[in-house]
Amino acid sequence: MPSIAGKQRQHRFSPSLRVIILALVSALAISLYTTWSLVLSRHQVIEEAYAKNQALADLLEEHALRVMGTAQGILEAIADDVASGAAEDPLFPERLKDWTRYFPEMLQVWVVDSTGIPLATSIDEDVTQLDLSQRNFFLAHTAGEKYYVTALRKGAVTGTWLFSVSRRLETPDGHFLGVAAVSIGQDYFEKIYTGLNIGPRDNVLILRADGSPIAIRQNVAPRSAPPSFTDSLVIRQAARSPEGRYELVAQSDGVHRVGYFRRVTGWPLVVASSTAKDDALAAWRETAFRQSFMLIVGLCSLALLTCWGLTAIRQKELSLEQRSILLNEIHHRVKNNLAIIQSLLQLEASRVPETAQGGYEDSLTRVQAMALVHEILYQSDNFAALDGGEYIRRLCDVLGDTAPSGITISAEADSIILSLDQAMPLALLVNEAVANAVKHAFPHGRGGMIKVAFFSEKEVSDKETLVLEVRDNGQGFSEAILAGRSVPGLGLRLIKSLAAQLEGKLLLANQPEGGALIRLRFSPEKQSA
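Residues numbered from 1 in each chain as written. Predicted model: local features only at pLDDT ≥ 70, side-chain atom pairs only at ≥ 80, totals over all residues. Heavy atoms only, no water.

Participant: Where do I start with unusual backbone geometry in this structure?
Facilitator: Working note: non-glycine residues mostly have negative phi, and peptide bonds are mostly trans. Residue E503 is not a glycine yet carries a positive backbone phi of 55 degrees. Structurally, E503 is set in the loop between helix 13 (490-501) and strand 17 (505-510). (Helix = DSSP H or I, 4+ residues; strand = E, 2+ residues; numbered from the N terminus.)

Structure representation (structure tokens):
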């Protein structure tokens, strides 16, 4: 019957399995941490891209407000000239040219009458034959719009890409007199954007509210027609919010971008800045590759160390298994040798007079008690300790089978693991105590009961103490033995010697209800893991 220690040992994880579990947990922890770190750093890179484009959008709005404010100031001055009659001065076109000299971003300045025919312009070409009455800006002002911003277009006279900011001219009573307009070239914005810290595939846009661009810096062919953003995500989001983030695949070049937009205060314009997501993640990918490479190297190293550890553990297990087999064989042979000694003692006892057989019987029970220890060890896989409760119960069963008729022996013993150094003297002590009770407690063939108890209890200091009690309902100890006036027999002397070997406190007493009590209290040895 295997001991409880053996059962517990069988249910524990083997060292090899513990190493494998530890290696797997370590590999999983390292992998999860590396993945989490990469995901976190990737998120941070994207956040930095958004922050960069938000700063650029702020700068674009500020620049757009300055340009639009300059254009508005020029148009207000022209409106004052028209209202005061200064526009009829032959030198008025020169004044328009002065505006383009003072403000280089202003490519052209125009004044158109109420029929759509140019009255004056800052350019030298003859434009009196142009009819601008069907242009969008002219129609908007005819309908009452005070200011109007055109989409980016190619100039009919200069052939350059530009957009215009225009103002309705009217009398104090609101009668329509015509339109004043300033044109701003795309080249001006390209020079400004060249000085910004933006990548080759970054986009910068200034759009009208309907999605038509007025300034653009895009990864498209130079001087090509600007794309329309009428149904773009930027315009849809700008219609709902004054500013915000966006992520899209650009229709113009198919590049996946992240960006930021902002509505221009006081004008029907939207500025937007975006970065190619691949460009933003380029440095992160290099870092991710290095960390992934190091992770693979680390996992390979962990696997090699695990294999090396498993090999070493297996060699140790084989060595321990061989030692276990040898110890098992030793205990088996010791048990067999003790059985031979028992047989020899029985043969010898049969040859002596009956009056001299008592000593042989005592020796037989002692040998039997020792043999039982080795039998339990042989049946278990723990050769350094055994279950003291199991041993006491089995010993009492054996002693009960050989006890005289009328004497019953019972045991109530808890399962307590004892070291071999404590198990052997305790086994002999129990045997002597029970044998002593069988021999002396019930004279003249009386019957009776012998009870053995083995348990642990906590002291006040929380220290564990093991308690062994052997009780009977016989005639008890004599007063001379209890007082120490009588020389005890060999059995009691062995009990005291074995109690001293266990470093325990031994009590010999008579019970109030009758019968003898032997109580031993001792401390358990700490078992090694």
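So much for the structure itself; the text now carries on.
Participant: Even after reading the chapter, I still don't get the packing of helix 11 (residues 420-440) against helix 13, so can you show me in this structure?
Facilitator: Describing two packed helices takes the angle between their axes plus the distance from one axis to the other. As a packed pair, helix 11 and helix 13 sit with axes 9 Å apart at the nearest point and diverge in direction by 155 degrees. With respect to helix 13, the element helix 11 is oriented roughly antiparallel. With respect to the hand of their crossing, helix 11 and helix 13 are arranged in left-handed fashion. The segment helix 11 lies against helix 13, with P425, L428, L429, E432, A433 and N436 engaging G491, L492, L494, I495, L498, A499 and Q501. For the contact of helix 11 with helix 13, a count of residues per class yields 9 nonpolar, 3 polar and 1 charged. (Axes fitted to C-alpha atoms, helices over the stretch in contact; angles between N-to-C directions. Parallel < 35°, antiparallel > 145°, perpendicular 65-115°, else oblique. Left-handed = near helix turned anticlockwise from the far one by under 90°. Contact = heavy atoms within 4.5 Å. Nonpolar A, V, L, I, M, F, W, Y, C, P; charged D, E, K, R; others polar.)

Participant: How should I be thinking about the pattern of salt bridges in this particular structure?
Facilitator: It is possible for side chains bearing opposite charge to pair when their charged atoms get close. Summed over all chains, the structure comprises 22 salt bridges. With its nearest N and O atoms 2.9 Å apart, the salt bridge here joins D279 to R201. Placement of D279 in helix 7 (residues 277-280) and of R201 in the loop between helix 5 (186-194) and strand 7 (203-208) is noted, with a sequence separation of 78 residues between them. We classify D279 as partly exposed; its relative accessible area is 36%. Several salt bridges converge on common partners, so that one network encompasses E94, K97, D98, R101 and D124. (Salt bridge = Lys/Arg side-chain N within 4 Å of Asp/Glu carboxyl O. Buried < 20%, exposed > 50% of the residue type's maximum accessible area, 1.4 Å probe, protein only.)

Participant: Where do I start with helix 13 in this structure?
Facilitator: Because an α-helix packs 3.6 residues into every turn, residues spaced three or four apart end up facing the same way. With 12 residues, helix 13 ought to run about 16 Å at 1.5 Å a step, and its terminal C-alpha atoms sit 16 Å apart, in line with that. Restricting attention to buried positions, one finds in helix 13 the residues G491, L492, I495, L498 and A499. The buried residues of helix 13 occupy an angular sector of 125 degrees when the element is viewed end-on, so they sit on one face. Exposed residues lying more than 90 degrees from the buried face of helix 13 are A500 and Q501. Contact partners of the buried residues in helix 13: helix 11, helix 12 (479-483), strand 17 and strand 18 (516-522). (Expected span 1.5 Å × (residues − 1). Arc of directions from axis to C-beta.)

Participant: What should I look at first to understand the packing of helix 10 (residues 388-402) against helix 11 in this one?
Facilitator: Packing of helix 10 against helix 11 leaves a shortest axis separation of 11 Å and a crossing angle of 35 degrees. In this structure, helix 10 meets helix 11 at a crossing whose hand is right-handed. Along the contact surface, helix 10 presents Y391, I392, L395 and L399, while helix 11 presents L426, A427, V430, N431 and V434. In terms of residue class, the contact of helix 10 with helix 11 is made up of 8 nonpolar, 1 polar and no charged.

Participant: Help me out: how do you make sense of the pairing of strand 11 (residues 269-276) in this one?
Facilitator: Residues in a regular strand project their side chains so that they alternate between the two faces of the sheet. Burial analysis of strand 11 places 8 of its 8 residues in the buried class, the great majority of the element. Pairing between strand 7 and strand 11: 6 bridges, direction antiparallel. Bridged to L205 within strand 11 is A272. Pairing of strand 10 (residues 256-263) with strand 11, which is carried by 7 bridges, proceeds in the antiparallel orientation. Paired with V258 across the bridge in strand 11 is T275. The loop that links strand 10 with its antiparallel partner strand 11 comprises 5 residues; one of these, G266, has a positive phi angle of about 85 degrees. (Pairing = 2+ DSSP bridges.)

Distances and angles like these do not, on their own, reveal function.
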